[in-house]
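So the chains spell out like this:
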Amino acid sequence: MDTKNVKSAVVTGAGSGIGRAVAVELLRTGWSVTLAGRRAGTLEETAALVPEGAALAVRTDVSLPDDVAALFAAAVERFGRVDLLFNNAGTFGPGGVPVEELPYDAWRHVVDTNLNGAFLCAQAAYRQMKEQDPRGGRIINNGSISAHTPRPHSVAYTATKHALTGLTKSLSLDGRPYGIAVGQIDIGNAATDMTAGMGAGALQANGEVVPEPVMDVADVARTVRHMAELPLEANVQFATVLATAMPYVGRG
């Protein structure tokens, strides 16, 4: 394979929701994509949505270093290089649980997935991008608007998403000498299975439960592809894409 003409991406959390939408958008526009997620069956379903696409499904728990190492080894073996990591795998954790009642195991699960998993994948991407020819690549972290503003009873999710902003900045700085561009997309109320309940009502800071508007997840996918396809000399450091009328600006 002529790796200089390959556009190779790794997408975590690719079995559903935003990860699936981004993977399909990349596949249908000529990218080769390694699909990572905990359930092999849903990854295969994602791959089947674009029959002509060059997709590789790799069952991966991003919180496990050995799984992450195997994921990137498989991507490089199949496609020769990694040009893009979309660091998307994440979990909300138990919903509606006050901070004083949140079990430590639940806190650790969210931190291990959302933060430690993002670090492990970024670290593996760095190692590959520094050594490949041509050198360099791009990492896009899924920060969420919870990287800026919390919802009630979301301490673990919000803490990890705030931490991702620091991770993004530090990775971006450290990547400069190697042609590694790192940015973050903060997404609000994209229509996926995880946000299906928002139309019925979501808890607000004043204690009310109010229905919230959502946007088409395809609009998120196109935004990620725009960020991904910039030349490495240009970078979208932070982007926020959200349902226009959702309670975010002025929330609380």
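Definitions and cut-offs
- Residues numbered from 1 in each chain as written.
- Predicted model: local features only at pLDDT ≥ 70, side-chain atom pairs only at ≥ 80, totals over all residues.
- Heavy atoms only, no water.
- Pairing = 2+ DSSP bridges.
- Helix = DSSP H or I, 4+ residues; strand = E, 2+ residues; numbered from the N terminus.
- Axes fitted to C-alpha atoms, helices over the stretch in contact; angles between N-to-C directions.
- Contact = heavy atoms within 4.5 Å.
- Core = buried A, V, L, I, M, F, W, Y, C linked by side-chain atoms within 4.5 Å.
- Buried < 20%, exposed > 50% of the residue type's maximum accessible area, 1.4 Å probe, protein only.
- Expected span 1.5 Å × (residues − 1).
- Bend = angle between axes of the 7 residues up to and from the residue.
- 1 Å grid on protein atoms, 1.4 Å probe; cavity = no way out; pocket = protein on both sides within 12 Å on 5 of 7 lines; lining within 4 Å.
- Points joined across faces, edges and corners; volume = space filled by probe spheres on them.
- Nonpolar A, V, L, I, M, F, W, Y, C, P; charged D, E, K, R; others polar.
- Right-handed = clockwise from strand over helix to strand, strands pointing away.
- Left-handed = near helix turned anticlockwise from the far one by under 90°.
- Polar contact = N/O pair within 3.5 Å; in protein donor to acceptor, adjacent residues only side chain to side chain.

Next up on the list: the sheet that holds strand β2 (residues 32–37). Sheet architecture is open: 7 strands sit in the order β3-β2-β1-β4-β5-β6-β9, paired in parallel fashion. One side of each edge strand has no neighbouring strand; the edge strands of this open sheet are β3 (54–59) and β9 (238–242). In this sheet, neighbouring strand axes are inclined to one another by 15 degrees on average, regardless of whether the strands run parallel or antiparallel. Note that strand β5 (residues 137–142) and strand β6 (residues 180–188) share 6 bridges and pair parallel. If you follow Ile 139 over to β6, its bridge partner there is Val 182. Across the sheet, helix α4 (residues 104–131) touches β1 (8–12), β4 (84–87), β5 and β6, and the angle it forms with β4 is around 175 degrees.

In this structure, Val 33, Ile 185 and Val 220 are the most contacted members of the largest nonpolar core, which totals 37 residues. Of all elements in the fold, only β1, α1 (17–28), β2, α2 (40–48), β4, β6, α6 (217–228) and β9 reach the threshold of two or more residues within this core. Looking at this core element by element, the count peaks at 7 residues for α1. Once residues lying within four places of it in the same chain are set aside, the contact partners of Ile 185 are Phe 86, Ile 140, Asn 141, Asn 142, Gly 143, Ser 144, Val 220, Thr 223, Val 224, Met 227, Ala 239 and Val 241. Counting residues in each nonpolar core, the second largest holds 28 residues, with Val 6, Phe 79, Ala 89 and Leu 164 among its members.

In this section: α4. The end-to-end C-alpha separation of α4 is 39 Å, in line with the 40 Å expected for 28 residues at 1.5 Å each. Where α4 bends most, the angle comes to about 35 degrees, and this point is Asp 112.

Moving on, we get to α1. Between its terminal C-alpha atoms α1 stretches 17 Å, which fits the 16 Å expected from 12 residues at 1.5 Å a residue. Counting buried positions along α1 yields 9 of 12 residues, so the element is predominantly enclosed. Buried within α1 we find Ile 18, Gly 19, Ala 21, Val 22, Ala 23, Val 24, Glu 25, Leu 26 and Leu 27. In the stretch just after α1, Gly 30 is the one whose phi turns positive, near 100 degrees.

What follows covers the layout of surface pockets. The method is simple in principle: a probe with the dimensions of a water molecule rolls over the atoms, and the space it marks as empty is what remains. Its boundaries defined by the atoms lining it, the second largest pocket holds a volume of some 160 Å³. Forming the walls of the second largest pocket are Val 6, Lys 7, Trp 31, Asp 83, Gly 136, Gly 137, Arg 138, Ala 228, Glu 229, Leu 230, Pro 231 and Leu 232. Looking at the lining of the second largest pocket, its residues break down into 6 nonpolar, 2 polar and 4 charged.

A separate point is the pairing of β4. Residue alternation in β4 divides its side chains into two sets, Leu 84 and Phe 86 and Leu 85 and Asn 87, and both sets are buried. Across 3 bridges, the pairing between β1 and β4 is parallel. In the sheet register, Val 11 faces β4, and the bridge partner there is Phe 86. As judged from the 4 bridges shared by β4 and β5, these two strands associate in the parallel manner. Opposite Asn 87, over in β5, you have Asn 141 as the bridge partner. As for the winding sense of the linkage, the β-α-β connection from β4 through α4 to β5 is right-handed.

It is worth spelling out the packing of α1 against α2 at this point. Two elements in contact, α1 and α2, have axes separated by 9 Å at closest approach and are oriented at 35 degrees. For the crossing formed where α1 meets α2, the hand is right-handed. In this structure, α1 contributes Arg 20, Ala 23 and Val 24 to the contact, and α2 contributes Thr 42, Glu 45 and Thr 46. The class makeup of the residues in the contact of α1 with α2 is 2 nonpolar, 2 polar and 2 charged.

Turning next to the environment of Lys 161. Mapped onto the secondary structure, Lys 161 falls in helix α5 (residues 155–175). C-alpha separation for the pair Lys 161 and Asp 83, spaced 78 residues apart in sequence, amounts to 24 Å. In contact with Lys 161, not counting residues within four places along its chain, are Asn 114, Asn 142, Gly 143, Ser 144, Ser 146 and Ala 147. Separated by 2.9 Å, the side chain of Lys 161 and the backbone oxygen of Asn 142 make a polar contact.

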